[in-house]
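# Structural overview
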Amino acid sequence: MSPLLEVDDLVITYANGRRRVSAVRGVSFAAEPGETIALVGESGCGKSSTARAVAGLEAATAGRIRVAGHDVGAIARDPKLRHLVQMVFQHADQSLDQTWTVERIVAEPLARMHRTGRGASHDRVVTALAEVGLGAEYLSRRPRDLSGGQAQRVAIARALITRPQLVVLDEPTASLDQSVRSRVLSLLQSLQAERTMTYVFISHDLASVRRIAHRVAVMYLGRIVEVGPTAEIFRDPKHPYTRGLLESEPRVTPDEPWEITPMTGETPSPSAIPAGCAFQGRCPLAGPECAAVDPPLIEVAGGRLLACVKKD
Amino acid sequence: MNLLAVNDLDLRIARTGQTLLRDVTVSIERGSIVGLVGESGSGKSMFSLALMGLLPTGIEVTGGTAEVAGQPVFRGASHSYDTATRDRIALVSQNPRAALNPTMRIGKQMVRVLRERHRMGKVEARDEARELLRKVGISDPTRVERAYPHQLSGGMCQRVVIAMALSVKAPVLIADEPTTGLDVTIQAQILLLLKELMADGDRAVLMVTHDLAVVSSMCDQVIILYGGQVMEVGPTRDIFLDPVHPYTRFLLESLEDHVPSADDIGDRVTEASVDFSITGCRFAKRCPFSTELCHREPPPVRRSGARTVHCHHRGAS
């Protein structure tokens, strides 16, 4: 099976005055139909820039992104292809037009693709809302009448109404309460199972990632430092950054006291990345060889890739 | 002795008469960290604002008592706030950058607080500020002193805010979502710092948060709040291992680590926003066990040892 999404050596550079800031520095990954790949990492790691580029909202400085064999640029330009990729944003309450009704919000992607008349569109909106667990009584409501969870359901209905093959989910549950978050994740999982969609799931919340992702790519300062199946990454993280990240996460473990040794230091600014491995300044294993080469991402075991010269 | 003792606190919107907090009781012993947990609309932030005398206009305390280190916080029939309380409570809030003055260098802000609060001389205050910055794990205090808040990372700003909170030497510390918005590796650093600083056992700490994992890692006791009403109180371990109140059970079932079981009630809890005008239990509308009684009467307080459950139908066993 050929991958639905192929990201090849993606580079995104922003101009900040006279300085250039490298947000994404050569990122490559692929995702199969029906697969969820999570991009995780902390502020400045480039996960959101990568996600936006995949959704066609951000121009790549270099590299290539293909979805179902089409270049993302072509998808954005061609109304016949635009349905392939959709995006769900973090703050549903802010990403929805406050003055529009739910019906108009959800129907908008259809209208923009000139694909349906008004009557057919109404029926599809009702179906799309039903799929996310909202009844027809929501059609005439406006975003201010919705709770955070309901607004995110509307945003999901809007993304899915075009029958996309790839959905980019940028922190879709970050602003939701715990109990609502769990239900939205379940909804995303069941919709994916019904339709074999591919998800690119962006999150800093490791608990959500563990639940929803099939594979995880860990990013640090614009690079992927480790990729692998979710269960393996969480059971046996190999990159020192991944290890530090997983150990830093507080867990609900009533029977064990929380004992951690937090990773020292902070992420350097993307405009002042050290030569060699970007993580060396915080890495407990760093040696002189880490300043010499920026380690490439190479396969260390079946399906597991690692960018570290200190690998065993 | 309880350094913080709040009994049956009521908070109302003056114009509509809606009760935002109803009969909220919180007590914290010296040396203890208590977590006040709730989702949005639970009133947890209103609670800390009330104790700081920072309630928004139109929201007022209408009942109950509060004492900090034995001194009353609210006085008279009008429950007016005694501003002297602010010397007894230090606050670390969610957005550290907003808590700092953006136009003033860090060193100057700290020196100002120290001189005003402790009547220190200039030189003494400057030395004390540097010492406090070291205490919160800042290895190069002279650089931080010269910086403006926007030149520092969020984690660094939070360290500064914690240093300033320590400088007040207050017996009670309120940490209101102190790590929300910080990256997870920085969150771990800040939580560990708070834990180390509190290890001397001189203070009472109220940790206000929506994050159950943070509570599980940090707190000795938990208070579960929903819709401005306490649902359940108890030692952290007991609450997490054996939740009694239907809302607590529902909340814990939603955790990613939860192992599903036949006793789960999560699927039977309906979604609805909090109704602040109802007289009965605030969770009744969503609760799978609720009866007509729950909708009508506020829940009784059932006590058993260190645990308290506010429910008509469930008692602590």
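See the structure printed just above.
A brief structural summary.

## Thoughts on the pattern of salt bridges
Taken as a whole and judged by the stated rule, the model has 31 salt bridges over all chains. Across the salt bridge formed by R117 of chain B and D87 of chain B, the nearest N and O atoms sit 3.6 Å from each other. Of this pair, R117 of chain B sits in helix α3 (residues 106–118) while D87 of chain B sits in the loop between β7 (80–81) and β8 (89–92), and the two are 30 residues apart along the sequence. Taking the relative accessible area as the measure of exposure, R117 of chain B reaches 37% and is therefore partly exposed. According to the relative accessible area criterion, D87 of chain B is partly exposed, its value standing at 44%. Within this structure, R210, E249 and R251 of chain A together with D257 of chain B form a network of salt bridges that share partners.

## Some words on the sheet that holds strand β4 (residues 62–67) of chain A
Residue and element names in this part refer to chain A. Read across the sheet, four strands follow the order β2-β1-β4-β5 without closing on themselves; strand pairing throughout is antiparallel. Since the sheet does not close on itself, it has two edges, and those belong to β2 (19–31) and β5 (70–71), each with one partner. Of the pairings in the sheet, the one linking β4 to β5 comprises two bridges and is antiparallel in character. Residue pairing in the sheet places V67 in a bridge with H70 of β5. Packing of helix α1 (residues 47–54) onto the sheet brings it into contact with β1 (5–16), β2 and β4, and relative to β1 it is tilted by some 115°.

## With respect to the side chain of T242 of chain A
Residues and elements named next belong to chain A. Position of T242 among the secondary structure elements: in helix α10 (residues 240–248). On the basis of relative accessible area, T242 is assigned to the buried category, the value being 1%. One polar contact links T242 to E226, side chain to side chain, over a distance of 2.7 Å. In contact with T242, other than residues within four places in its own chain, are V218, V225, E226, I233 and P237.

## Observations regarding the interface of chain B and chain A
At the junction of the two partners, chain B supplies 34 residues and chain A supplies 32 residues. Each partner contributes to the roughly 3000 Å² buried at the junction of chain B and chain A, and carbon and sulfur atoms together form 51% of this total. Considering only the side of chain B, the residues that lose the most area to chain A are T185, E256 and E271 of chain B, jointly responsible for 22% of the buried surface there. Between the two partners, chain B and chain A, sit six salt bridges. E256 of chain B is paired through a salt bridge with R211 of chain A; the nearest N and O atoms lie 2.9 Å apart. Where chain B touches chain A, the interface holds 20 residue pairs in polar contact (both at pLDDT 80 or more). At the level of elements, α6 (154–167), α7 (184–198), α8 (212–218), α9 (236–241) and α10 (246–253) of chain B are the ones that each hand at least two residues to the side of chain B that touches chain A. When residues of the side of chain B that touches chain A are assigned to their parent elements, the largest contribution, nine residues, is made by α7 of chain B.

## A few points about the pairing of strand β13 (residues 301–304) of chain B
Residues and elements named next belong to chain B. In the sheet, β13 pairs with strand β14 (residues 307–310) via four bridges, with the strands oriented antiparallel. Directly across from V301, in β14, lies its bridge partner H310. Where β13 hands over to β14, the hairpin turn is made up of two residues, of which G305 adopts a positive phi near 60°.

Criteria and thresholds
Residues numbered from 1 in each chain as written. Chains lettered and ligands numbered in written order. Predicted model: local features only at pLDDT ≥ 70, side-chain atom pairs only at ≥ 80, totals over all residues. Heavy atoms only, no water. Salt bridge = Lys/Arg side-chain N within 4 Å of Asp/Glu carboxyl O. Helix = DSSP H or I, 4+ residues; strand = E, 2+ residues; numbered from the N terminus. Buried < 20%, exposed > 50% of the residue type's maximum accessible area, 1.4 Å probe, protein only. Pairing = 2+ DSSP bridges. Contact = heavy atoms within 4.5 Å. Axes fitted to C-alpha atoms, helices over the stretch in contact; angles between N-to-C directions. Polar contact = N/O pair within 3.5 Å; in protein donor to acceptor, adjacent residues only side chain to side chain. Buried area = accessible area lost by both parts, 1.4 Å probe.

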